[in-house]
Amino acid sequence: MQLHWHRDDLRCSDDVALSTAAANTAERGDVVPVFVFDDDVLAHASPNRVAFMLDALAALRADYRERGSDLVLRRGDPREVLVDLAGDVGADHVVWNRAHSGLGRERDDDVRAALEDAGVAHEDFEDAICHEPGSITTNEGTPYQVYTYFWKKWRDRAKDAPYDAPDPDALFAPADADTDLDASDLPTQDDLGFDEATADLPDAGTDAARDRLLSFLESDVYEYEEKRDYPAEDCTSHLSVDLKWGTIGVREVHEAVVAARDVADSESERESVEAFRGQLAWREFYMHVLHYNPDVVAANYKEYEREIAWRDDPEELAAWKRGETGYPIVDAGMRQLRAEGYVHNRVRMIVASFLTKDLQIDWREGYRHYREHLVDHDTANDNGGWQWAASTGTDAQPYFRIFNPMTQGERYDPDAEYITEHVPELRNADPDAIHSWHELSRSERERVAPDYPAPIVDHGERREEALAMYKRARGEADD
């Protein structure tokens, strides 16, 4: 027997470890799929993510049952659970797909040691990305710090084809086995110690992920380059949650994207598909950064001569979290986060810039808040995005480029469709009034939208303060 330990690869198809184990049944025996609810991991989770995870696990279990097998569920320390389960079923081999965060790699090391002490063989595989860390480097053999150069090599590097789903004959079949292996029921949110989800979650599972992929590739991908920055157009794949939880394999996504590019009708359409393919490369770039720099989760990647003097203002931070800053595009994004557990990428950049540059609040506060609410929270991607916005990361936004939230709203949501969808107080307001909200007098604001707040800061003033803050950190100005 073999155990396949699922983590953030909640699928049967295009799973490297599972496919490899299934191909080795002649030598190692059937594969028993298992998922362990690890309390140390759950301590970093949130209601929205746990709810989606449980839905994805239900879909995965249904997939296994259709194949005559089942997903074994356990709760506890994987070091103990996997050793005990291997003993229960007579498994002498355990396989899984690698983690790249610092905590994930520590857990993998601990599990390896426990299995070795128990005399159980183990093997792990690269699955979450197309090219493992260390495979794309500078000519000197060091990890890239600039995405553009990484992309050029990533783009041209051959990718593996999707891995086959396991043949049912390769999977442990409870009905035919002598071993009494209780698969147990899925726990509830409450069983795991979480409140109910606060967001309207997308459907989970491989079928839902494939539906999102196919829908995007039918038409939107060919307009992606032109429309991706306009949140009202919603010309995005919405696959981030599926790649985060592994309900679809990255090789399957990449192969489908390349196929869409190859049947494009024009050069502009091909370029649009390539722009989306670049997003897959960004995801891997940040995964490589995290792999080699696990401390970036809590520390600036980019070193300044002095510490950045972030402001500590609980009231402004709370207004930002509530979506009540008086800057419409910012508030729309923060309210979308609460309602959907998701934020459009352009808007993520705008709200992050506002927090770090206008409010001059530490990017870690924003990262923690997003981690709490996002269904698609991915440590590498989210950390990379926040540090980019804060001008503290690799390949970061230069500190002197500060988003003007009003200009951003007018440029990327000219008719205020996205804003009014998420900020109902402004639904009766003219788009011009919305985009000039910061310029309106108190009486004009009360007439146009009496329930919507005035701006909590003056962008122009805060921009100058932010520039001075960064210059001091760079040692270019006195305190």
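Residues numbered from 1 in each chain as written. Predicted model: local features only at pLDDT ≥ 70, side-chain atom pairs only at ≥ 80, totals over all residues. Heavy atoms only, no water.

Peer 1: Explain the overall build of the protein chain here, please?
Peer 2: Secondary structure assignment for the protein chain yields 22 helices and five strands. In summary, the protein chain has a C-alpha radius of gyration of 24 Å against a globular reference of 23 Å for 479 residues, a match within 12%. Projected onto its principal axes, the C-alpha positions of the protein chain cover 80 × 50 × 50 Å. Taking as baseline every contact in the protein chain between residues at least 6 positions apart, the subset at least 24 positions apart corresponds to 78%. Of the roughly 21000 Å² of accessible surface on the protein chain, a fraction of 42% belongs to carbon and sulfur atoms. Each charge sign in the protein chain was given a centre, from 53 positive and 104 negative side chains, and these centres are 6 Å apart. (Helix = DSSP H or I, 4+ residues; strand = E, 2+ residues; numbered from the N terminus. Rg over C-alpha atoms; globule rule 2.2 N^0.38 Å. Contact = heavy atoms within 4.5 Å. Areas by Shrake-Rupley, 256 points an atom, 1.4 Å probe, with all protein chains shown as cover. Lys, Arg positive; Asp, Glu negative; His and termini not counted. Charge placed at Lys NZ, Arg CZ, Asp CG, Glu CD.)

Peer 1: Hey, could you run me through the environment of Gln 189 in this one?
Peer 2: In this structure, Gln 189 sits in the loop between α7 (147-156) and α8 (206-218). Along the sequence, Gln 189 and Leu 467 sit 278 residues apart, while their C-alpha atoms lie 45 Å from each other. Look past the residues within four positions of Gln 189 in its chain and what remains in contact with it is Pro 47, Val 50, Ala 51, Leu 54, Phe 194, Asp 195, Glu 196 and Ala 197.

Peer 1: What am I meant to see in the sheet that holds strand β5 (residues 121-125) here?
Peer 2: Two modes of strand pairing occur in sheets, parallel and antiparallel, and in both the strands are linked by backbone hydrogen bonds. Read across the open sheet, the five strands follow the order β3-β2-β1-β4-β5; overall the sheet is parallel. Of all strands in the sheet, those with a lone pairing partner are β3 (72-75) and β5, marking the two edges. Going across the sheet, the axis of each strand differs from the next one's by a mean of 25°, ignoring polarity. Bridge count for strand β1 (residues 2-6) against strand β4 (residues 93-97) is four bridges, and the pairing is parallel. Looking at the pairing, His 4 lines up with Val 95 of β4. Where helix α1 (residues 16-23) meets the sheet, its contacts fall on β1, β2 (31-37), β4 and β5, and the angle it forms with β4 comes to roughly 150°. Packed onto the sheet, helix α6 (residues 102-117) meets β1, β4 and β5 and runs at close to 175° relative to β4. (Pairing = 2+ DSSP bridges. Axes fitted to C-alpha atoms, helices over the stretch in contact; angles between N-to-C directions.)

Peer 1: When you look at the nonpolar core in this model, what are you seeing that I'm missing?
Peer 2: What tends to happen in soluble globular proteins is that the nonpolar side chains get buried as a cluster. Within the largest apolar cluster, 87 residues are counted, with the highest numbers of intra-cluster contacts made by Trp 320, Val 330 and Tyr 370. In terms of residue count, the dominant contributor to this core is helix α12 (residues 267-292) (ten residues). If near-sequence neighbours (up to four positions away) are discounted, Val 330 is found in contact with Trp 320, Thr 325, Ile 350, Val 351, Phe 354 and Pro 405. Core analysis: the next-biggest nonpolar cluster, separate from the first, contains 32 residues, Phe 37, Leu 57, Leu 73 and Ala 199 among them. (Core = buried A, V, L, I, M, F, W, Y, C linked by side-chain atoms within 4.5 Å. Buried < 20%, exposed > 50% of the residue type's maximum accessible area, 1.4 Å probe, protein only.)

Peer 1: When you look at the pattern of salt bridges in this model, what are you seeing that I'm missing?
Peer 2: Two side chains that carry opposite charge are able to pair once their charged atoms sit near each other. Across all of its chains, the model carries 39 salt bridges by this definition. In this structure, the salt-bridge partner of Glu 267 is Arg 270, at a minimum N-O distance of 3.1 Å. A residue pair is termed a helical-turn pair when its members lie 3 or 4 positions apart in one helix, as Glu 267 and Arg 270 do in helix α12 at three residues. The partly exposed category is assigned to Glu 267, whose relative accessible area is 44%. Classification of Arg 270 by relative accessible area gives partly exposed; the value is 31%. (Salt bridge = Lys/Arg side-chain N within 4 Å of Asp/Glu carboxyl O.)

Peer 1: Can you walk me through the packing of helix α15 (residues 345-358) against helix α17 (residues 379-389) in this structure?
Peer 2: Helix-helix packing is characterised by the crossing angle of the two axes and by the distance between the axes. Taken N-terminus to C-terminus, the directions of α15 and α17 make an angle of 55°; their axes are 8 Å apart at the nearest point. With respect to α17, the axis of α15 lies oblique. α15 and α17 meet at a crossing whose hand is right-handed. For the pair α15 and α17, contact is made by Arg 348, Met 349, Ala 352, Ser 353, Leu 355, Thr 356 and Lys 357 and by Asp 382, Trp 386, Trp 388 and Ala 389, respectively. Tallied by class, residues from the contact of α15 with α17 come to six nonpolar, two polar and three charged. (Parallel < 35°, antiparallel > 145°, perpendicular 65-115°, else oblique. Left-handed = near helix turned anticlockwise from the far one by under 90°. Nonpolar A, V, L, I, M, F, W, Y, C, P; charged D, E, K, R; others polar.)

Peer 1: How do you make sense of the environment of Leu 54 when you look at a structure like this?
Peer 2: Tracing the chain through its elements places Leu 54 in helix α4 (residues 47-66). In this structure the C-alpha to C-alpha distance between Leu 54 and Thr 392, which are 338 residues apart in sequence, comes to 35 Å.

Peer 1: I would appreciate a short explanation of the side chain of Ser 237 in the present structure.
Peer 2: Inspection of the secondary structure assignment puts Ser 237 in the loop between α9 (224-227) and α10 (240-245). Residue Ser 237 is classed as buried on the basis of its relative accessible area of 11%. When sequence neighbours within four positions are dropped, the list of residues in contact with Ser 237 reads Arg 212, Phe 216 and Phe 276.

Peer 1: Just to check I follow, could you spell out the packing of aromatic side chains for this structure?
Peer 2: Each aromatic ring pair is described using two quantities: the centre-to-centre distance and the angle formed by the ring planes. Evaluation of the coordinates by the stated rule reveals 24 aromatic pairs. Measuring from centroid to centroid gives 5.9 Å for Tyr 147 and Phe 285, while their planes differ by 75°, and the two rings are edge-to-face. Taken as a pair, Tyr 147 in helix α7 and Phe 285 in helix α12 lie far apart in primary sequence, 138 residues in all. Grouping residues by exposure puts Tyr 147 and Phe 285 together as buried. A connected cluster of aromatic rings, assembled from ring pairs, spans Tyr 147, Phe 150, Trp 282, Phe 285 and Tyr 286. The ring of Trp 245 is capped by Lys 244, whose NZ or CZ atom sits 4.6 Å from the centre of that ring. (Phe/Tyr/Trp six-rings, centres within 6.5 Å; stacked < 30°, edge-to-face > 60°. Lys NZ or Arg CZ within 6 Å of the ring centre and 35° of its normal.)

Peer 1: Where do I start with a negative patch on the surface in this structure?
Peer 2: A contiguous patch of negative charge, built from Asp 55, Glu 66, Asp 203, Asp 207 and Asp 211, is present on the exposed surface. With respect to the helices and strands, Asp 207 occurs in helix α8. Relative accessible area serves as the criterion here: at 59%, Asp 207 is assigned to the exposed category. (Patch = residues over 30% accessible without salt bridge, like charges linked within 9 Å, V, L, I, M, F, W, Y side chains within 5 Å.)

Peer 1: Would you explain the pairing of β1 in this entry?
Peer 2: Along any regular strand, the residues point their side chains to alternate faces of the sheet. Among the five residues that make up β1, five are buried, leaving the element largely enclosed by the rest of the structure. A two-sided burial pattern is seen for β1, the buried positions comprising Gln 2, His 4 and His 6 on one face and Leu 3 and Trp 5 on the other. Both β1 and β2 contribute to a ladder of five bridges, which runs parallel. If you follow His 4 over to β2, its bridge partner there is Pro 33.

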